[in-house]
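In case you want the letters, here they are:
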Amino acid sequence: MPERVADAVVVGGGPNGLVAACRLADAGWDVVLCEAADHLGGAVVSQEPVPGYTVDLASAFYPLAAASPALRRLDLGHHGLTWSHAPAVVAHPAGPDDERAAVLHRDPADTAAGLDAEAPGDGETWLGLLDQWRRMREPLLDVMLGPFPPVPALLRLLRRMGEAPDAIRLARTLLLPMSQLGEELFKGRDGRLLLAGNAMHADIPAVAAGSGGFGWLLCMLGQDVGFPVPVGGAGALAGAIAARARAAGAELHTGARVERIVVGGGRALGVVTADGRRIRARRAVLADVSVPSLYRELLPPDQVPARVRADLDRFTWDLPTVKLNWVLDAPVPWRAVNARLAGTVHLGADDREISRWSAAISSGQESDLTFLLLGQMAVADPSRAPAGGDAVWGYSHLPRGPLRPGAAIELAERMEAVVEAHAPGFRDHVVHRFVQGPQELEQMDANLVGGAVNGGTAQLHQQLIFRPVPGLGRPETPVLGLYLASAGAHPGGGVHGGPGDIAARVALRSARLGELPGRALTRVTRYLGSDTRDRRTSAEPAARRTRRTGRSGATVPGP
Ligand SMILES: Cc1cc2nc3c(=O)[nH]c(=O)nc-3n(C[C@H](O)[C@H](O)[C@H](O)COP(=O)(O)OP(=O)(O)OC[C@H]3O[C@@H](n4cnc5c(N)ncnc54)[C@H](O)[C@@H]3O)c2cc1C
C-alpha cells in the first residue's frame with residue numbers, strides 16, 4: 001500500500017481529535033485522522049438498542065460544549081446540530097420519600113423562587129452568583145478552557161472583576177470543598193443539594209479543595225446555557241463535528257487503530273496503523289489518546305524520558321464508572337413530581353450523605369450509600385423514544401483499584417433499587433436494560449480506561465502544570481512535532497474540545513514560527529522528564545509497578 005503523506009495526522013476521533021482536525025484543516029493543512037473504532041466521536045456516541053429508542057452510551061448532556069469557545073467557532077448548527085432542552089435542568093430529591101426535589105430551572109427567577117420557598121434569602125444569593133458569573137463568563141471560560149498559562153485571559157478577567165480583593169475572594173470560593181461552600185452560601189437544603197450533585201460530575205472528593213468550584217461551575221453553566229442535548233442523540237453532536245471537519249477538507253478514517261508513532265531524530269514522523277497503513281506527517285502528529293497509551297504503547301520506549309515514565313506510575317485515573325441503561329414504556333414515575341421535568345436527576349444521597357459516599361469511594365472503599373446521576377433523555381429531547389416512553393440511564397462509581405468480581409453488577413442492582421424507591425413502579429415499565437461496567441466502557445473506547453470519565457482525575461494534583469504529569473501543562477511532548485490532544489491534557493475531561501483545539505493551535509504556531517520555539521519547549525519538557533539517577537530505558541518496569549499499585553485502570557479487571 002503506498003505511503004500517504006499529510007501535513008498532520010490526528011490519532012483518535014473523539015471530540016478532541018475532531019476539533020483538532022477542524023482547526024488544522026481550517027488553516028489549510030492536509031489532515032488525516034485515524035480512529036480505531038467503527039464510529040467517530042469517541043465517548044460522544046449513541047445507538048438504538050430497541051427500535052425507536054436512542055441511548056447515549058457515554059456522555060449525554062453538554063453544558064461545556066454549549067459554552068465552549070472552541071466548539072462555538074465551528075458553527076455546528078450549519079453542520080446538522082440542533083440543541084434541545086428539558087423543561088428543567090437538574091432535579092435532586094433529598095430522599096426517596098421526598099415529594100419535592102430541589103430544582104435548577106431554565107429561568108433563573110424560577111430557580112430563585114424555589115430556593116426562597118425553602119430558605120428565604122437563598123434565591124437572592126443564587127441570583128447574585130449568576131450575576132457575578134455573567135459579568136466574567138467570557139474571560140473566565142477562556143482562562144479555564146484555553147492554553148496554559150492563560151496570561152491574556154487572566155488579565156481580561158481581572159479587569160472585568162474590577163477589584164483585586166474580589167478576584168482573590170473568587171479564587172478562594174473556587175478552591176473550597178463542596179461541603180464547605182454549600183454551608184457558606186446557602187441557609188437551606190435545596191441550594192446545597194444543587195451544588196453537591198453538580199460537584200459530583202467530577203471525581204474531586206466532596207471534602208477536598210476544588211470540588212466546590214466544580215459544583216459552582218456546573219450550577220452556573222446549567223443556569224446560563226442549560227444542560228442541552230443534541231436532537232437525535234449524542235451521535236448527532238459527533239456527526240456534526242465530523243461533518244465540519246470533512247467540510248474543511250480533513251480526511252477521517254474509522255477502523256484505523258494506530259499501533260505506533262514513528263520517531264526519527266527526536267521528531268514525530270508519522271504513524272503506523274494496526275493493519276499496516278503508514279501515514280507520514282510533514283508537520284505534526286496530534287494524539288487524542290490516553291496518556292499512558294501515548295507514552296507506554298505508541299512511542300518507542302527510548303523516546304520517553306525516564307522521569308516521565310516514573311511520573312506515569314503516579315498518574316491517577318478518575319473513578320471507575322458503572323452505567324445502567326433502561327428503555328421504558330412510560331416516563332419515570334417520580335414521587336417528587338417536579339423531578340419529572342428535569343433532564344438530569346441526582347439521587348440516592350443528600351449533600352451530607354454525598355460527602356460520606358465520596359469519602360468512602362475516594363479512599364478505596366465501597367460505600368453503603370448509592371449516589372447516582374441519571375438522565376431522562378426523552379424529557380430533554382422527545383425524539384429519543386416513542387411518545388410516552390423514555391430512554392433513561394444512570395451512572396455511579398466504584399473505588400479505584402482492583403475490581404471485586406461482581407461489584408459492577410451489584411452496583412447496577414443497587415442503582416435500580418434507588419430509582420425504584422424514589423419512583424415506585426419504575427421497574428414495571430422497563431422494557432429493556434443493559435449494563436456498561438468499567439470493562440465494557442473501555443472496550444468501546446480505549447481512552448475510557450477502567451471506566452474513567454475524564455481522561456484522568458480532575459483533582460488539583462493533576463490539573464494545570466500537573467496535567468498530565470508534572471511539567472508545563474501544555475500539549476507539547478518530549479518529542480518534537482508530537483502533541484497530546486486528549487482529555488488527558490489541560491484543560492481536561494468533558495466535551496468542550498479544549499485539549500484538541502489547544503494542541504492544534506500550538507502545532508500551527510510552531511509551524512508558523514519555525515522550529516525554534518518548538519525545540520525550546522521540547523527541550524524544557526525533555527529536561528523536566530529527564531533524571532540522571534534513573535537510567536531505565538524500557539517502559540516495562542514502570543508498567544509492572546503500576547500493576548502492583550493498581551492505580552492504572554488499565555490493569556483493573558472487569559466485572
Ligand atoms: C459514562 C460517561 C459519561 C460522560 N458524560 C459526559 C457528559 O454528560 N458531558 C460531558 O461534557 N462529558 C461527559 N463525559 C466525558 C467526555 O465524554 C470525555 O471527557 C470526552 O469524550 C473526551 O474526549 P476525547 O476526544 O479526549 O476522548 P474520547 O471521547 O474518549 O475519544 C478518544 C478516541 O480515540 C480513539 N483512540 C484511542 N486510541 C486510539 C489509537 N491508538 N488509534 C486510533 N484511535 C484511538 C478512541 O477509539 C476514541 O474514539 C462522559 C464520559 C463518560 C465515559
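Scroll up to find the structure.
Here the residue numbers are simple positions, counted from 1 along each chain's written sequence. Given that the model is predicted, a residue must reach a pLDDT of at least 70 before its local features are reported, and side-chain atom pairs must reach 80 or more before they are shown or counted; all residues, however, enter totals for whole chains, interfaces and linings. The side-chain values count all of the structure's non-hydrogen atoms but skip hydrogen atoms and water molecules.

## With respect to helix α11 (residues 234-247)
Secondary structure counts use DSSP, requiring at least four H or I residues in a row for a helix and at least two E residues in a row for a strand, with both numbered from the N terminus. A helix is expected to reach a length of 1.5 Å times the quantity of its residues less one. For α11, with 14 residues, the first-to-last C-alpha span of 20 Å sits near the 20 Å given by 1.5 Å per residue. Only protein chains enter the area calculation, which uses a 1.4 Å probe; residues under 20% of their type maximum are buried, those over 50% are exposed, and those in between are partly exposed. Looking only at α11, the buried set comprises Ala234, Leu237, Ala238, Ala240, Ile241, Ala242, Arg244 and Ala245. A positive phi of about 110° marks glycine 249, the residue just after α11.

## Quick word on the pairing of strand β13 (residues 321-328)
Of all the 8 residues making up β13, 8 are buried; the element is thus mostly covered by neighbouring parts of the structure. Covered by surrounding structure in β13 are Thr321, Lys323, Asn325 and Val327 together with Val322, Leu324, Trp326 and Leu328, the residues of both alternating faces.

## Observations regarding the packing of aromatic side chains
Put simply, two rings from Phe, Tyr or Trp (the six-membered ring, in Trp's case) pair if the centres are within 6.5 Å, and we call them stacked under 30 degrees between planes, edge-to-face over 60, tilted for the rest. By the definition in use, this model includes 9 aromatic pairs. Here phenylalanine 61 and phenylalanine 227 contribute two aromatic rings whose centre-to-centre distance is 6.4 Å and whose plane-to-plane angle is 50°, an arrangement assigned as tilted. Placement of the pair is phenylalanine 61 in the loop between β4 (53-56) and α2 (63-67) and phenylalanine 227 in the loop between α10 (211-224) and β8 (229-230), with a sequence separation of 166 residues. Phenylalanine 61 sits in the buried class, given a relative accessible area of 15%. Three or more aromatic residues joined by ring pairs make a cluster, and in this case those are Phe61, Phe227, Trp393 and Tyr395.

## Some remarks on the sheet that holds strand β15 (residues 372-376)
Pairing between strands requires that DSSP locate at least two bridges from one strand to the other. Spatially, β7-β6-β14-β15-β16-β13-β17 is the arrangement adopted by the 7 strands of the open sheet, whose pairing is mixed. Both edges of this open sheet fall to β7 (102-105) and β17 (430-436), since each of them pairs with a single strand only. Between one strand and the next, the sheet's axes are offset by a mean angle of 15°, whatever the strand orientation. Across 8 bridges, the pairing between β13 and strand β16 (residues 390-397) is antiparallel. By the bridge assignment for β16, leucine 328 is matched with aspartate 390. It only takes one pair of heavy atoms within 4.5 Å for two residues to be counted as in contact. Lines fitted to C-alpha atoms define the axes here, with helix axes fitted over just the stretch in contact, and angles between the N-to-C directions of these axes take values from 0 to 180 degrees. Its contacts with the sheet put helix α9 (residues 189-199) on β6 (88-92), β7 and β14 (342-347), and the angle it makes with β7 is roughly 70°.

## Structural notes on the site of the ligand
If a single non-hydrogen atom of a residue is within 4 Å of a molecule or strand, that residue counts as near it. Residues in contact with the ligand amount to 31 residues; listed here are only the nearest, Asn16, Glu35, Phe61, Asp445 and Gly494. Here phenylalanine 61 contributes a backbone N or O atom positioned 2.7 Å from a nitrogen atom of the ligand. Side-chain polar atom of aspartate 288 to an oxygen atom of the ligand: 2.9 Å apart, as the coordinates give it. For the ligand, whose unbound accessible area comes to 1,000 Å², protein coverage reaches 94%. Polar contacts, as counted here, are pairs of nitrogen or oxygen atoms within 3.5 Å of one another; within protein the pair requires one atom able to donate a hydrogen and one able to accept it, and residues that are adjacent in sequence qualify only if both atoms are side-chain atoms. Shrake-Rupley sampling with a 1.4 Å probe provides the accessible areas, and residues are treated as covered by the protein chains on show and by no other component.

## Digging into the pairing of strand β10 (residues 258-264)
Pairing of β10 with strand β11 (residues 267-273) involves 6 bridges; the strand directions are antiparallel. If you follow glycine 264 over to β11, its bridge partner there is arginine 267. Linking β10 to β11, which pair antiparallel, is a turn of 2 residues; within it glycine 265 sits at a positive phi near 60°.

## Concerning the nonpolar core
Think of a nonpolar core as a cluster: buried Ala, Val, Leu, Ile, Met, Phe, Trp, Tyr and Cys residues, connected wherever their side-chain atoms sit within 4.5 Å. Core analysis: the biggest nonpolar cluster contains 57 residues, and Phe61, Trp126, Trp133, Leu194, Trp216 and Met220 have the highest contact counts within it. Top element by residues in this core is helix α5 (residues 122-145). It accounts for 9 residues. Counting 41 residues, the second-largest nonpolar core is a separate cluster that includes Leu18, Ala65, Ile502 and Val506.

## Observations regarding helix α13 (residues 306-313)
Summarising burial for α13: 7 of the 8 residues are buried, a large majority. Three or more residues of α13 are buried, namely Ala306, Val308, Arg309, Ala310, Asp311, Leu312 and Asp313.

## Remarks on the environment of methionine 444
Inspection of the secondary structure puts methionine 444 in helix α17 (residues 438-444). Residues methionine 444 and proline 108, 336 residues apart in the sequence, show an inter-C-alpha distance of 38 Å. Excluding residues within four positions of it along the chain, methionine 444 makes contact with Ala37, His39, Val45, Leu57, Ala58 and Gln436.

## Side note on the packing of helix α12 (residues 291-298) against α13
Contact geometry for α12 and α13: axes closest at 11 Å, N-to-C directions at 135°. If you check the angle between α12 and α13, you find them oblique. By crossing handedness, the relation of α12 to α13 is classed as left-handed. Taken together, the residues of α13 that come into contact with α12 (itself represented by Val291, Pro292, Tyr295 and Arg296) are Val308, Arg309, Leu312 and Asp313. Residue composition of the contact of α12 with α13, grouped by class: 5 nonpolar, no polar and 3 charged. With respect to orientation, any angle under 35 degrees is reported as roughly parallel, any angle over 145 as roughly antiparallel, any angle of 65 to 115 as roughly perpendicular, and every other angle as oblique. Each helix crossing is assigned a hand: it is left-handed if the near helix lies turned anticlockwise from the far helix by less than a right angle, otherwise right-handed if that turn is clockwise. Classification used: nonpolar for Ala, Val, Leu, Ile, Met, Phe, Trp, Tyr, Cys and Pro, charged for Asp, Glu, Lys and Arg, polar for all others including Gly.

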